[in-house]
Amino acid sequence: MEKKEKAILFFKSDTEFGSYGSTLRYKSVERIKAIGKHTLLGASGEISDFQEILRYLDELILYDNMWDDGNSLGPKEIHNYLNRVMYNRRNKFNPLWNSLVIGGVKNGQKYLGMVGMIGTHFEDNHVATGFGNHLARPIFRDEWSEDMTFEEAVRLLEKCLRVLLYRDRSAINKFQIAKITDEGVTISQPYSLKTFWGFSAFKNPSKGAEGSW
C-alpha cells in the first residue's frame, strides 16, 4: 500500500510468503523495487510474473540509458508502459497475475498509480492492492491528509498493515517501508510490527456464529 505526502512518496509492503502450491516455502520475498532514478514499483500476486515484469523494465531502462541524452524515464512513463504490457498479455489470454503500484517523484512532481492484471489502471493520492483495497483504503480515506509529516505517514501505514495482518491467515508480520524523493530512493530492511492477539474475538472466533458451519 502506498500514499503521497508533499514531494515524498511512501511505499509499504509485507515481505510476502513465496508459496510452492499450498506450502509457504519462502518467507522473505521482497516486493518493492527501485526502477531507474525516479520510480518505485510494488507488486502483489505471482512472484515469477513479477520477476518477468522486472526483466522487461531492466531492458526498458537500459535502452533509455543508451540514448545518453540527459533525460530519464519517470514514474508516469513507467506506469503507461506497464499499462500496455498488462493489457497486451491479457489480450493474448496469458495475463501476468499481478497488481502493480507505480509511484515516484521527478522534477518535484509526485506521481502515484496502479495497474491490475488485465490492464485496468488509475491514479490517486493513495492506492492499495489485494485485501488492502477493501480494508486499508477506507482507513486512508478517513485519516490521510496532504500535510502529514513523515512520522504520521509511517504510523498510518503501519496501522493499515496491522489491520490486514490480523485478517489474513497467509500474511507474515514482516514489512518494508520505502521512501522516494527528488534526492533518491530509500528502501528499509524488513522489520516486524508489534501485535496483540488477546482480543476476545480472537480467543473464540466461532462464538455467536450462526448456521451449520
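Residues numbered from 1 in each chain as written. Predicted model: local features only at pLDDT ≥ 70, side-chain atom pairs only at ≥ 80, totals over all residues. Heavy atoms only, no water.

By the naming in an unreviewed UniProt entry, the protein chain goes by Proteasome subunit beta type-4 and is assigned to Cocos nucifera.

Draft legend 1. Geometry of helix H2 (residues 75-91). The end-to-end C-alpha separation of H2 is 24 Å, in line with the 24 Å expected for 17 residues at 1.5 Å each. Regarding H2, the residues found buried are Pro75, Ile78, His79, Leu82, Asn83, Val85, Met86 and Arg89. The inward-facing, buried residues of H2 contact strand E5 (32-35), strand E6 (39-45), helix H1 (47-66), strand E7 (98-106), strand E8 (109-115) and strand E9 (121-123). (Helix = DSSP H or I, 4+ residues; strand = E, 2+ residues; numbered from the N terminus. Expected span 1.5 Å × (residues − 1). Buried < 20%, exposed > 50% of the residue type's maximum accessible area, 1.4 Å probe, protein only. Contact = heavy atoms within 4.5 Å.)

Draft legend 2. Geometry of the nonpolar core. Among the nonpolar cores identified, the biggest contains 18 residues, and Leu41, Ile53, Leu57, Ile78, Leu82 and Leu100 are the most heavily contacted of them. Of all the secondary-structure elements, those providing two or more residues to this core are E6, H1, H2 and E7. Broken down by element, this core gets its largest block of residues, 6 residues, from H1. In contact with Ile53, not counting residues within four places along its chain, are Leu41, Leu82, Met86, Leu96, Asn98 and Leu100. Counting 14 residues, the second largest nonpolar core, distinct from the first, contains Ala136, Val154, Leu157 and Leu161. (Core = buried A, V, L, I, M, F, W, Y, C linked by side-chain atoms within 4.5 Å.)

Draft legend 3. Region of interest: the sheet that holds E5. Spatial strand order, E5-E6-E7-E8-E9: 5 strands in an open sheet with antiparallel pairing. Because the sheet does not close on itself, it has two edges, and the strands there are E5 and E9. Between one strand axis and the next, the sheet turns by 20° as a mean value, whatever way the strands run. Where E7 lies against E8, 7 bridges are found, and the strand directions are antiparallel. Residue pairing for E8: Leu100 is matched across the bridge by Val115. (Pairing = 2+ DSSP bridges. Axes fitted to C-alpha atoms, helices over the stretch in contact; angles between N-to-C directions.)

Draft legend 4. View of the confidence of the model for the protein chain. In this model, the protein chain carries an average pLDDT of 87, and 89% of its residues clear a pLDDT of 70 or more. Taken element by element, the predicted model of the protein chain shows its lowest mean pLDDT in strand E1 (residues 2-5) (56) and its highest in H2 (97). (pLDDT = per-residue confidence, 0-100.)

Draft legend 5. How the structure looks around unusual backbone geometry. At Asp68, a position not held by glycine, the phi torsion is positive, near 50°. Its location among the elements puts Asp68 in the loop between H1 and H2. Even without a glycine there, the phi angle at Phe93 is positive, about 55°. Mapped onto the fold, Phe93 is located in the loop between H2 and E7. According to the relative accessible area criterion, Phe93 is exposed, its value standing at 77%.

Draft legend 6. Main features of the packing of aromatic side chains. Tallying each qualifying case throughout the model produces 4 aromatic pairs. With a centroid separation of 5.0 Å and 85° between ring planes, the pair formed by Phe196 and Phe199 is classed as edge-to-face. Phe196 gets classed as partly exposed once you look at its relative accessible area, which sits at 46%. Ring pairing ties together the aromatic residues Tyr166, Phe196, Trp197 and Phe199, which thus form one cluster. (Phe/Tyr/Trp six-rings, centres within 6.5 Å; stacked < 30°, edge-to-face > 60°.)

Draft legend 7. Structural view of the pairing of E8. The element E8 is extensively covered by neighbouring structure, given that 5 of its 7 residues are classed as buried. What sits between the antiparallel neighbours E7 and E8 is a turn of 2 residues, in which Asn107 has the positive phi angle 55°. If you look at the hairpin formed by E8 and E9, you'll find 5 residues sitting between the two strands, and Gly119 has a positive phi there, around 95°.

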